[in-house]
Amino acid sequence: MIRLSIVPLSSLFEQFHSSPEGLTGEEASRRLARYGLNEPVPVKRTHGAVQFLLLFANPLIIILLLASLFSALAGEQINASIIMIIVLLGMVLNFVQTSRSARVIERLRETVASTATVLRDRCWIEVLIRNLVPGDIIRLTAGDLVPADGRIFQARSLQIRQAALTGESMPVEKQQGDLEEDPSSPEEAKNMVFLGTSVISGTALALVVATGEKTAFGDVASLLARRPPETEFERGSRKFGFLIMQTVFFLVLFIFTVTAAFHRNPLESLLFAIALAVGLTPEFFPMITSVTLSRGALHMARLKVVVKHLASIQNLGSMDILCSDKTGTLTRGEMSLAGHLDPEGHVAEEVYFFACLNSAFETGIKSPLDSAILNYRRPDIEGYQKIDEIPFDFDRRRLSVVVEKKGERFLISKGAPEGILPLCLSYRIKGDQRPLDAESRLKVQKMFQELGAGGYRVLAVASRTIPVQKVYRAGDEKDLVLLGFMTFSDPPLEDAATAVHSLKRDGVRVKILTGDHELVARHICSAVGIDTDRIVLGEEIDRMSDSALAGVAEKVNLFARVSPGQKNRIILALKSRGHVVGFLGDGINDAPSLHAADVGISVSSGVDVAKEAAEVILLERSLRVLHQGIMEGRKAFGNVVKYLLMGTSSNFGNMFSMAGAFLFLPFLPMLPMQILLNNFLYDLAQLTIPTDHVDATFIHKPRRWDISLIRNFMLIIGPISSVYDFLTFFVLLKVFHASEALFHTGWFVESLATQTLVLLIIRTAGNPFTSRPGKPLIMTVIAVAAVGALLPFTPLAGILGFTPLPATYFFFLAGVVSTYLLIVEFAKRKLMASYLRHTVSRGSSRF
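Residues numbered from 1 in each chain as written. Predicted model: local features only at pLDDT ≥ 70, side-chain atom pairs only at ≥ 80, totals over all residues. Heavy atoms only, no water.

Within the element layout of this structure, Ser318 appears in helix α11 (residues 312-318). Residue Ser318 is classed as buried on the basis of its relative accessible area, which comes to 0%. Within polar-contact distance, the side chain of Ser318 engages the backbone oxygen of Asn315 at 3.2 Å. (Helix = DSSP H or I, 4+ residues; strand = E, 2+ residues; numbered from the N terminus. Buried < 20%, exposed > 50% of the residue type's maximum accessible area, 1.4 Å probe, protein only. Polar contact = N/O pair within 3.5 Å; in protein donor to acceptor, adjacent residues only side chain to side chain.)

Across all of its chains, the model carries 29 salt bridges by this definition. With its nearest N and O atoms 2.8 Å apart, the salt bridge here joins Arg428 to Glu350. Linking Arg428 in strand β14 (residues 424-429) with Glu350 in helix α12 (residues 349-361), this pair joins segments that are 78 residues apart in sequence. Arg428 sits in the buried class, given a relative accessible area of 18%. Glu350 sits in the partly exposed class, given a relative accessible area of 29%. A salt bridge links Asp432 to Arg434, with the shortest nitrogen-to-oxygen separation between them at 3.0 Å. Here the salt bridges share partners, and the residues they tie into one network are Glu26, Glu27, Arg30 and Arg31. (Salt bridge = Lys/Arg side-chain N within 4 Å of Asp/Glu carboxyl O.)

Along strand β18 (residues 509-513), four of the five residues are buried, which leaves the element largely enclosed by surrounding structure. As defined by bridge partners, strand β9 (residues 321-324) adjoins β18 across four bridges and the pair is classed as parallel. Bridging from a neighbouring strand, Ser324 pairs with Ile512 of β18. The pairing of β18 with strand β20 (residues 558-560) spans two bridges and is parallel. Paired with Leu513 across the bridge in β20 is Phe559. (Pairing = 2+ DSSP bridges.)

Taking 1.5 Å per residue, 13 residues should reach 18 Å; helix α20 (residues 564-576) reaches 19 Å between its end C-alpha atoms and fits that length. When α20 is considered as a whole, its buried residues turn out to be Pro564, Gln566, Lys567, Asn568, Ile570, Ile571, Ala573 and Leu574. Gly578 sits one or two residues past α20 and shows a positive phi near 90 degrees. (Expected span 1.5 Å × (residues − 1).)

Our next topic: the nonpolar core. Counting 110 residues, the largest nonpolar core has Leu322, Leu330, Ile601, Leu618, Ile717 and Phe748 as the members making the most contacts within it. Broken down by element, the residue count for this core peaks at 16 residues, all from helix α23 (residues 623-664). Ranked by size, the runner-up nonpolar core spans 30 residues in total, among them Cys323, Ala573, Val609 and Ile617. (Core = buried A, V, L, I, M, F, W, Y, C linked by side-chain atoms within 4.5 Å.)

Reading across from one edge, β8-β23-β22-β21-β9-β18-β20-β19 is the order of the eight strands in this open sheet, with mixed pairing throughout. Among the strands making up the open sheet, the edge pair consists of β8 (305-307) and β19 (535-537). Across the sheet, the mean angle from the axis of one strand to that of its neighbour is 20 degrees, orientation sign disregarded. Together, β18, β19 and β20 form the strand contacts of helix α17 (residues 518-528), whose direction differs from that of β20 by roughly 150 degrees. (Axes fitted to C-alpha atoms, helices over the stretch in contact; angles between N-to-C directions. Contact = heavy atoms within 4.5 Å.)

Where helix α27 (residues 740-757) contacts helix α29 (residues 775-790), the two axes come as close as 9 Å, and the packing angle between them is 175 degrees. When the axis of α27 is compared with that of α29, the two are roughly antiparallel. Across the interface between the two elements, Phe748, Val749, Leu752, Thr756 and Leu757 of α27 pack against Val781, Val784, Ala785, Gly788 and Ala789 of α29. Class assignment of the residues belonging to the contact of α27 with α29 gives a composition of eight nonpolar, two polar and no charged. (Parallel < 35°, antiparallel > 145°, perpendicular 65-115°, else oblique. Nonpolar A, V, L, I, M, F, W, Y, C, P; charged D, E, K, R; others polar.)

Let us now look at the pairing of strand β1 (residues 115-120). Counting buried positions over the six residues of β1 gives five, a clear majority of the element. Of the strand pairs in this sheet, β1 and strand β2 (residues 123-128) are connected by six bridges, and their pairing is antiparallel. What sits directly across from Val118, in β2, is Ile125. Hairpin geometry of β1 and β2 is characterised by an intervening segment of two residues between the two adjacent antiparallel strands and by a positive phi of about 50 degrees at Asp121.

What follows is the structure, given as structure tokens:
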């Protein structure tokens, strides 16, 4: 790879059987088949059959299969067959649903996948980065991710950030041409670009010389491919799994202790303990969450919000602070030129002419301001030749070009007034050049501040003649003559004020982090209803410690004249106070902030660097669209919470009842296969939870994982269920004088009826009669309860160990179910009251 930098370019084209005219589409396809996809760490695409077989690696599945084997060896072929059928049905359901969810999220990712500009069949086209091949010709511009390793053969003011390779955040200047000496490392090759780096400014054409694992980044990708930071959803899932594991362990330990004390049949007790463990474990949790989140992702995509990772949905819903720039968020982002004024405020054509020269010849970041200048009324600039360019950066906040006409060279600088005025020694009015003394400097500052207070974006334009030299640098931006100001108008979006109000109402505060002048930012923020009583400037942030900034960042909504590094500090400061922070950005230097935020949000029109760093992509840049996405994220998380509350409370109640009955009954309270069937039917009833409605009271505030809520539901609702189970045991034994088969049947029907119908109670924090469930959920709940009641009267009854129930039992059952649901309703309201009052705020993480 290193030696390719010193190979003559003509030889390199010959070596890769390519030319500056690029490859044909047919040849590119052949090379793709030969070299493989351009992925530094190849994605393992497992065949569907292999994915299904991998489901057998689940410890619970292994336990069930062993239980089936032990039952068969003990002569219980029916038990063994039923366990096997239930296992296979559950696995098929899991596989089908999760595969469907995976296809949904993959299609969504495809819609926002990064592309590269490639010369194919002599036409510039956009192709997915992973489809690049050696020999391709790629075009690079500011904001692009470098899609492969390449040798530069044309370049203009090209600067590359190579932090992904070197860890060095400062950009490196690249150039075309052959090197005389072989560099010691790839990143030192000034005539090459590398996969994983990004273009800060300038343009280039490059020949792709390596893709995928053959790239410089591919050599270290396996070392760098660390697991991304754990999201709050993943952390909550892990905590939940640990809670279930603890409960299962102590329950099974209790069963074996009782077995030893009462000298029960060891094999029978083992199967019973295994069945209890399975019954308590919500084995469909991964499937339910995957289906729920993918369904939420699909709904969000219809609202023009694409989620790249399912776990990010909950982070989006729990976000309570959104940090963003004002341009394109509060405003249209479509700048229009409002005026071109000399330093005394008079219309001046000279100002526009020099600004146009600067914008026309720059090759770095093309901002909306440049488009507004060039689209306004381009003057005749024929005869001017560009000599050099000093690219824009966020510290200088200006860009300069050097042009020549008739042997005379001019340096023209354009940028923020704060970055231009200190460099000026004089100003020009109608051809009359005057010294910029203290008095005139104050007048000029007052003028552009008044323009900013009126909502105008202001750029200063300055120039000077400059001697001939080989290279021009930032140090040459001195002794300038102030020509005047360009003013731009970007009015607030019509729905910005409504969107800001909606976000605030639903628990999300909008904070504006902008590089603009504070007066311009205040005007826009005030127009859309964002409080701007206090404004913090970038220079103030530099003087603050991290702890001081954290306190200020919570209270202040507008930060002006801030650099990308300062934005990053603000986000980290807010996170340190327990907030869930989202950042909306689409620029070249937004990537660090997108990574630092809990939820990185970009737009489809943003640069590749930003889109790659973001977890959520907006197909339309609008706070209204983002607000809709946040609400959908909360709905998806709400349905996940429902499943956890329902499953853990009901399962724990049933298993607690079985463990208690195990103490005093001369037989098992329910056969292992009946426990598994009961659990399987209950899980079927919950499969439609992803389609259910979510209460407005749940989604009007950010919600986070609350393991204590799940634990309380399990420890309070579960025992209520057990009380009714013990009542059923008493009635079956003392009133109906039940045999072992009748006892099993009666409790199976009561258990399934109560734990399925209670779904209609627990699914809402409010009144179940006013908050109606979705049709699929109510249909599955009623169907499962009906199946449980009818099974004892079917030909399967004998196989399953059931016997027909007397008609009078169903009168008792109706009373049990109705009073049980009523008591659970009261208990549920008490438990949910504190959770619903809770909102994401300082120190609110509930683990």
